[in-house]
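One letter stands for each residue in the lines below.
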Amino acid sequence: MAGADARVLILGSFPGEASLAAQQYYAHPRNQFWPLLAAVLDEPLAQLPYRARLGRLKARRIAVWDTIVACARTGSLDSAIRDAQRGETTTISRRAPGLVAVAFNGGIASRAAAAWQEAGYATLVLPSSSPAYTRPFAEKLAAWRAIATYLDVQR
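In this report, we go over the structure that sits alongside the text. (Residues numbered from 1 in each chain as written. Predicted model: local features only at pLDDT ≥ 70, side-chain atom pairs only at ≥ 80, totals over all residues. Heavy atoms only, no water.)

### A short note on helix α2 (residues 33–41)
Because an α-helix completes one turn every 3.6 residues, residues spaced three or four positions apart along the sequence face the same direction. Put simply, the test is: Three labels apply to residues, based on accessible area from a 1.4 Å probe with only protein chains included: buried if under 20% of the type maximum, exposed if over 50%, partly exposed otherwise in between. Every helix listed is a DSSP run of H or I at least four residues long, and every strand listed is a run of E at least two residues long, numbered separately from the N terminus. For this analysis, residues touch if any pair of their heavy atoms sits within 4.5 Å.
Within α2, seven of the nine residues are buried, which leaves it mostly tucked inside the rest of the structure. Listing the buried residues of α2 in full gives F33, W34, L36, L37, A38, V40 and L41. Those residues of α2 hidden inside the fold are in contact with β1 (8–12), α3 (50–59), β2 (62–66), β5 (101–105) and α7 (137–144). Phi turns positive, to about 55°, at D42, one or two residues after α2.

### Describing the packing of α2 against α3
Two packed helices can be described by the angle between their axes and the distance between those axes. Keep this limit in mind: Here an axis means a line fitted to C-alpha atoms, over the contact stretch when the element is a helix, while the angle between two N-to-C directions is reported on a 0 to 180 degree scale. Comment on the angle field: the value is read as roughly parallel under 35 degrees, roughly antiparallel over 145, roughly perpendicular from 65 to 115, and oblique elsewhere. Take the far helix as your reference; a near helix turned counterclockwise from it by less than a right angle gives a left-handed crossing, and one turned clockwise gives a right-handed crossing. For this classification, Asp, Glu, Lys and Arg are treated as charged, while Ala, Val, Leu, Ile, Met, Phe, Trp, Tyr, Cys and Pro are nonpolar and the rest, including Gly, are polar.
Contact geometry for α2 and α3: axes closest at 12 Å, N-to-C directions at 40°. One finds that α2 runs oblique with respect to α3. The way α2 lies across α3 gives a crossing that is left-handed. Facing α2, whose interface residues are W34, L37 and L41, α3 presents Y50, R53, L54 and L57. Class assignment for the residues of the contact of α2 with α3 results in six nonpolar, no polar and one charged.

### Thoughts on α7
To be explicit about the condition: What the arc describes is the spread of directions from the helix axis to the C-beta atoms.
Where α7 is concerned, the buried positions are K140, L141 and W144. An end-on view of α7 places all buried positions within 100° of arc, on one side of the element. α7 presents A138 and A142 as exposed residues on the side facing more than 90 degrees away from its buried surface. Buried residues along α7 sit in contact with β1, α2, β5 and β6 (122–126).

### Brief notes about the packing of aromatic side chains
Rules: Ring geometry is summarised as follows: Phe, Tyr and Trp rings, the Trp one being its six-membered ring, pair when their centres sit within 6.5 Å, and such pairs are stacked at plane angles under 30 degrees, edge-to-face over 60 and tilted between the two.
What the rule picks out here adds up to four aromatic pairs. Look at F33 and W34: their rings are 4.9 Å apart centre to centre, the planes differ by 90°, and that puts the pair in the edge-to-face class. The exposure classification of F33 matches that of W34, with both residues buried. Judged by centre distance (6.2 Å) and plane angle (90°), the rings of W34 and Y50 are edge-to-face. In this pair, W34 is assigned in helix α2 and Y50 in helix α3, connecting sequence segments 16 residues apart. As far as the burial class goes, W34 and Y50 line up, both buried.

### Points about unusual backbone geometry
Notably, D42 is not glycine yet its phi reads approximately 55°, a positive angle. Note on placement: D42 falls in the loop between α2 and α3. Residue D42 is classed as exposed on the basis of its relative accessible area, which comes to 56%. In the Ramachandran plot, R61 falls in the positive-phi region, its phi being about 65° despite a non-glycine side chain. With respect to the element layout, R61 can be found in the loop between α3 and β2. Residue classification places R61 among the partly exposed positions, given a relative accessible area of 27%.

Right, dumping it as structure tokens:
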């Protein structure tokens with residue numbers, strides 16, 4: 001969730017089976033979330049234990065959450081999501097008053113962009129870090145670097 005001093009919130013759609021089983025965001029070994037953020041932040045996130053990764057994100061004022069807080073789904077594909085219940089922007093607004101930008105990890109997550117824009121946040125629609133989205137890493141990274149615009153990191 002978001003720390004009070006978070007400046008950037010990265011929203012996924014809903015955790016996949018590997019993440020739910022591990023109780024960790026982006027736990028699937030082929031998901032590129034941690035390598036992408038590692039490159040943006042110039043930190044070895046993918047090599048760190050999970051709690052240390054979260055600590056580094058918090059130190060860099062980045063929060064992670066999902067646009068969908070409950071749903072029905074068989075498997076891990078976003079296309080299989082049914083009966084989605086979306087999270088409320090007001091929950092995050094209260095917890096992270098310094099938030100300035102919301103980045104959406106993929107197309108399903110980006111369906112919530114309008115609500116976040118209406119709430120006054122800058123929004124970034126990023127290519128999905130999922131292994132199911134087969135764009136080259138370098139292409140994804142070029143888009144993900146926009147996150148640094150809202151942090152103390154300029155790369």
